[in-house]
Amino acid sequence: MAVTTTLTWNEERSFQKLLGNVSLRLLYKSSVHGENTVEMQNRCHCQGPIVTVIYHSHNIFGIFMLGHSSEKSKSFIEPNDSFFFSLQKNETMEMKTVVLNSTVTISYNTLEFNISSYDKQYLVLNFSTKCICIARVLEQELRVKCNPMFPRLECEVFRVEGIKDEAGYINRITRATQHRNSLLADVRAYSPYADLVSEIHILLLGPVGSGKSSFFNSVKSIFQGHLTRQAIVGSDVTSITEQYRIYSIKDGKNGQSLPFMLCDSMGLDEKEGVGLCVDDIPHILKGCVPDRYEFSPQKPITPKHPTFITSPSLKDRIHCVAYVFDINSMDNLSPKMMAKLKQIQKEVINCGVAQVALLTKVNNCNEVLQDNFLKMNKAMVSQSQIQNVSKILGIPLSRILVVENYASEREMDPLKDILILSALKQMFRAVDDFLEDLLLE
Ligand SMILES: Nc1nc2c(ncn2[C@@H]2O[C@H](COP(=O)(O)OP(=O)(O)OP(=O)(O)O)[C@@H](O)[C@H]2O)c(=O)[nH]1
Ligand SMILES: [Mg+2]
């Protein structure tokens, strides 16, 4: 029977994504192949990059090594590119990483990971006793707690296949997860300028099928830790979204509500009387339109509507409009659609609301982030679509955000999260500018 990993199917898939969309092949599993370093070495030498995963009470952690072990040698790897990691399974499958160049030595049925520059054993696995010794500093950085009295449950070694561009790999992977986690912390910690409101409202406006509802689903997925599809998405000639929705998002399943709401609207159509009615927009911006209002393309909402909010306060109104476009259709916007957008933008400017543009369906997510995780690189900014949106809407390049929503994937991807979380952060900045301005007024 095939030997299988202790990770669940989902955990293994997430782990593969966290390691940069690699494939993992299980070479050694201590409970099956024996608690024996010789057996492990026989199975794992000369296999290329390997990752050792250790299961200890509730902890999953280990070490990734890019270099490969030489045949039958005792010290099986030179100081090489490696990093220690831990996997946290609570809400999201998160990876904490610590970059340290380590050598591995085998002696007396123990596996010792040493940091050459410190001449210290950072991690020692004793295969005879199943005990683990881990340097305190490493334990703290990885946020694991290994009681040395408890034996290790399992040790697995995988071959890592499909690494693209080995030279910058370690840097890319460790920076990607660290950057994603720090962005997540920033978004969680956001509080609107001067506490003028407890939650900000971001309105998603854009042509039919541009990815408005998918953006909400993507943001929600990040905070839920798994893919969710609360909003109905799909492709049709007319808008899939027919109701106005004001979505609140919780941090984790039973967590607190985050300080922002995403307001999803019906898609815009270039034809009159189809799609979101332009006359609805001032009412939406002022906060007069209630959650679940059924849009009527030919008839805008009026104060006579039974659920019309007659005296909305600052907290009800829209604080930021995100114009959502499919980046691939940006160069083919029809003159009629452009005219409609201009008309809408006039209303937005009249209301003094902050504006950003959100370009979805960027399929070169990896490239956007390759050089610099914080900024779009030069090649990206010079793309005609980005220049175009800046020209049509007069929005500065720093307020043009690019994302790749979760569409047909089955697992989360840290690179997508980085773009989505960065977009949210930029929206918060735009809102804060707006609120600050409001306070001065
Ligand atoms: N590849 C890819 N597909 C996307 C992305 N965003 C949305 N989609 C797909 O595009 C289609 C339309 O997405 P929706 O989220 O329904 O778009 P919408 O703007 O809400 O559309 P309406 O409500 O009809 O106006 C769906 O099939 C999505 O799966 C993206 O970033 N990348
Ligand atoms: Mg929609």
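As the structure is a computational prediction, the values presented were derived from the model and not from experiment. (Residues numbered from 1 in each chain as written. Chains lettered and ligands numbered in written order. Predicted model: local features only at pLDDT ≥ 70, side-chain atom pairs only at ≥ 80, totals over all residues.)

Turning our eyes to something else, we now look at the overall build of the protein chain. For the protein chain, the count of helices and strands is 12 helices and 17 strands. Principal-axis analysis of the C-alpha atoms places the extent of the protein chain at approximately 80 × 45 × 40 Å. Relative to its full complement of 441 residues, the protein chain shows a buried share of 42%. In the protein chain, the share of contacts with a sequence separation of at least 24, taken over all contacts with a separation of at least 6, comes to 68%. (Helix = DSSP H or I, 4+ residues; strand = E, 2+ residues; numbered from the N terminus. Buried ≥ 20, exposed ≤ 12 C-beta atoms within 10 Å, placed from the backbone. Contact = placed C-beta atoms within 7 Å.)

This paragraph deals with the domain arrangement of the protein chain. Segmentation of the protein chain into domains returns domain 1 (9–173) and domain 2 (189–440). Each of domain 1 and domain 2 was reduced to a C-alpha centroid, and the two centroids are 42 Å apart. Domain 1 puts 6 residues into the contact, and the matching count from domain 2 is 7 residues. Its residues assigned to classes, the side of domain 1 that touches domain 2 shows 1 nonpolar, 2 polar and 3 charged. (Domains from an automatic or database assignment. Nonpolar A, V, L, I, M, F, W, Y, C, P; charged D, E, K, R; others polar.)

On to the site of ligand 1. Surrounding ligand 1, one finds 20 residues, the nearest of these being Gly211, Ser214, Val233, Thr241 and Gly267. Class assignment for the residues of the shell around ligand 1 results in 4 nonpolar, 13 polar and 3 charged. (Near = placed C-beta within 6 Å.)

Here the focus is the pairing of strand E16 (residues 354–360). Looking along a regular strand, one sees side chains alternate from face to face of the sheet. The buried fraction of E16 is high, at 7 of 7 residues. Because side chains alternate across E16, one face comprises the buried residues Ala354, Val356, Leu358 and Thr360, and the other comprises Gln355, Ala357 and Leu359, equally buried. Inspection of the sheet shows strand E15 (residues 320–326) paired to E16 by 7 bridges, in the parallel sense. Bridging across to E16, Val324 finds its partner in Leu358. Bridging between E16 and strand E17 (residues 400–402) involves 3 bridges; their strand directions are parallel. Residue pairing in the sheet places Leu359 in a bridge with Val402 of E17. (Pairing = 2+ DSSP bridges.)

Next up on the list: the nonpolar core. The biggest cluster of nonpolar side chains holds 115 residues, and the ones touching the most others in it are Ile202, Cys320, Ala322, Ala357, Leu358, Leu359 and Met427. Of the residues forming this core, the biggest block, 13 residues, is contributed by helix H12 (residues 414–440). Discounting residues that sit within four places of it in the chain, Leu358 has contacts with Phe215, Ala322, Tyr323, Val324, Leu401, Val403 and Ala423. (Core = buried A, V, L, I, M, F, W, Y, C linked by C-beta atoms within 7 Å.)

Taken together, 6 strands build an open sheet; the order of strands is E13-E14-E12-E15-E16-E17 and the sheet is mixed. With partners counted over all chains shown, the strands left at the sheet margins are strand E13 (245–250) and E17, one partner each. Taken pair by pair, the neighbouring strands of this sheet meet at an average axis angle of 25°, ignoring direction. Of the strands in this sheet, E15, E16 and E17 are in contact with helix H11 (residues 384–393), which crosses E16 at around 150°. Across the face of the sheet, H12 comes into contact with strand E12 (200–205), E15, E16 and E17 while running at roughly 165° to E16. (Axes fitted to C-alpha atoms, helices over the stretch in contact; angles between N-to-C directions.)

Another point: the sheet that holds strand E5 (residues 82–88). Ordered in space as E1-E11-E2-E3-E5-E6, the 6 strands form an open sheet in which the pairing is antiparallel. Every interior strand has two partners, whereas the edge strands, strand E1 (23–29) and strand E6 (94–99), have only one. Sheet twist, expressed as the average angle between the axes of neighbouring strands with direction ignored, equals 25°. Across 6 bridges, the pairing between E1 and strand E11 (residues 154–161) is antiparallel. Looking at the pairing, Leu24 lines up with Val160 of E11. Contacting E5 and E6, helix H5 (residues 169–189) runs over the sheet at an angle of about 130° to E6.

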